[in-house]
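Residue-level structural notes
The chain contents come next:
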Amino acid sequence: RLWTHDNYGEDLIIGARNGGIFKWTENNGVTTRAVELSGITGANLVPTVGLQVITSEVDRHLIVLGADPITSGARTGAVDPMLIAFSDSENALEFEPLNTNAAGDVRLSSGSLIVGGLKSRQEVLVWTDTSLYSMAFIGPPLTFAVNLINEGAGLIGPKAAANAPNGVFFMSKNAFYFYNGSVQKLPCSVQDYVFSDLEVSQAYKCHVATNTEFSEIWFFYPSIADGTGEISRYVI
């Protein structure tokens, strides 16, 4: 399984892709286990499943990508692959959209599922399988503005994007890209070699890392030629 986690103050919010969402409380000590967020006393319409969890830097909202929708006053328990739900400001347990709070949700339209997200400066970047969105805090009444940045440059896997000092680098299904307000395709002399050798059925194992000491971005991928189905090659 693929896990994501983010700090919520001193605590930790943890999510398994297509699974539950949990909270580990720092004050309880390192020997205690995380507990399901929706089961905590005071939780109101907290998503029970999701694809990824992110904490916004401004006003501290808990954002759940691919959350289960609200139907008849309750969460359905099934991932909506294009739905983004966010909590009230400074309250990860309040997800009911009301006129008196800043909780809400938005459904993306370009693509078929959310692949991953990444915090970047004053925005949260959200990739579907075909497109890139920017999610920026704007305050009441809408709380967040979600804008389509690019169609045609989706993300190949949930971990296939990384922050660098000058912007965000990410890997799509057929090319490498750079984002710093706009999307630019990276020139790559081995692009055809990499993507003809990439084991597409294991694409969610692809990941990206930064080596700031040498100003390098490393893209790791599973190779068809190696035939293991695991990460075996990289391009810098």
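Placed above this text is the structure.
Everything in this summary refers to the structure shown in the same document. Here the residue numbers are simple positions, counted from 1 along each chain's written sequence. In keeping with the model being predicted, local features are shown solely for residues with a pLDDT of at least 70 and side-chain atom pairs are shown and tallied solely at 80 or more, while totals for entire chains, interfaces and linings include all residues. Values shown for side chains rest on all heavy atoms present in the structure; no hydrogens or waters enter the calculation.

Some remarks on the pairing of strand S13 (residues 131-139)
Inclusion rule: Paired strands, as defined in this entry, are two strands with at least two bridges between them according to DSSP. Helix and strand definitions follow DSSP, with helices as H or I runs of at least four residues and strands as E runs of at least two, each counted in order from the N terminus.
Pairing between strand S12 (residues 123-128) and S13: four bridges, direction antiparallel. When the bridges of S13 are listed, Val 126 appears paired with Tyr 133. When S13 meets strand S14 (residues 143-151), the two strands line up antiparallel, connected through eight bridges. Paired with Tyr 133 across the two strands is Leu 148, which belongs to S14.

Examining the sheet that holds strand S16 (residues 167-171)
As a reminder, the rule being used: Lines fitted to C-alpha atoms define the axes, with helix axes restricted to the stretch in contact, and inter-axis angles between N-to-C directions lie between 0 and 180 degrees.
Taking strand neighbours across the sheet as the criterion, the four strands line up as S15-S16-S17-S18 in an open arrangement whose pairing is antiparallel. Strand pairing shows two members of the sheet lacking a second neighbour, strand S15 (161-164) and strand S18 (183-185), which therefore form its edges. In this sheet, adjacent strand axes meet at a mean angle of 25 degrees when their direction is disregarded. Pairing of strand S17 (residues 176-179) with S18, which is carried by three bridges, proceeds in the antiparallel orientation. Counterpart to Tyr 177 in the pairing with S18 is Lys 185.

Some thoughts on the nonpolar core
Inclusion rule: Nonpolar cores were defined as sets of buried Ala, Val, Leu, Ile, Met, Phe, Trp, Tyr and Cys residues, with membership established by side-chain atoms within 4.5 Å. Relative accessible area decides the class of each residue, using a 1.4 Å probe on protein chains only: under 20% of the type maximum gives buried, over 50% gives exposed, and in between gives partly exposed. Note on contacts: a residue pair qualifies if any of its non-hydrogen atoms lie within 4.5 Å across the two residues.
Within the largest apolar cluster, 32 residues are counted, with the highest numbers of intra-cluster contacts made by Trp 127, Phe 170, Met 171 and Phe 219. Of all the secondary-structure elements, those providing two or more residues to this core are strand S11 (114-120), S12, S15, S16, S17, helix H1 (191-197) and strand S20 (216-222). Once residues lying within four places of it in the same chain are set aside, the contact partners of Met 171 are Gly 154, Leu 155, Ile 156, Ala 160, Phe 176, Val 194, Phe 195, Leu 198, Cys 206, Phe 219 and Tyr 221. Core analysis: the next-biggest nonpolar cluster, separate from the first, contains 14 residues, Ile 84, Leu 108, Val 124 and Tyr 133 among them.

Quick look at unusual backbone geometry
Of the consecutive residues Pro 140 and Pro 141, the connecting peptide bond is found in the cis state with omega at 5 degrees. Along the chain, Pro 141 falls in the loop between S13 and S14. Backbone geometry places Arg 60, a non-glycine residue, at a positive phi of 45 degrees. For Arg 60, the position within the fold is in the loop between strand S5 (52-55) and strand S6 (62-65). The backbone phi angle of Thr 143 is positive, close to 70 degrees, even though this residue is not glycine. Looking at the element boundaries, Thr 143 is found in strand S14.

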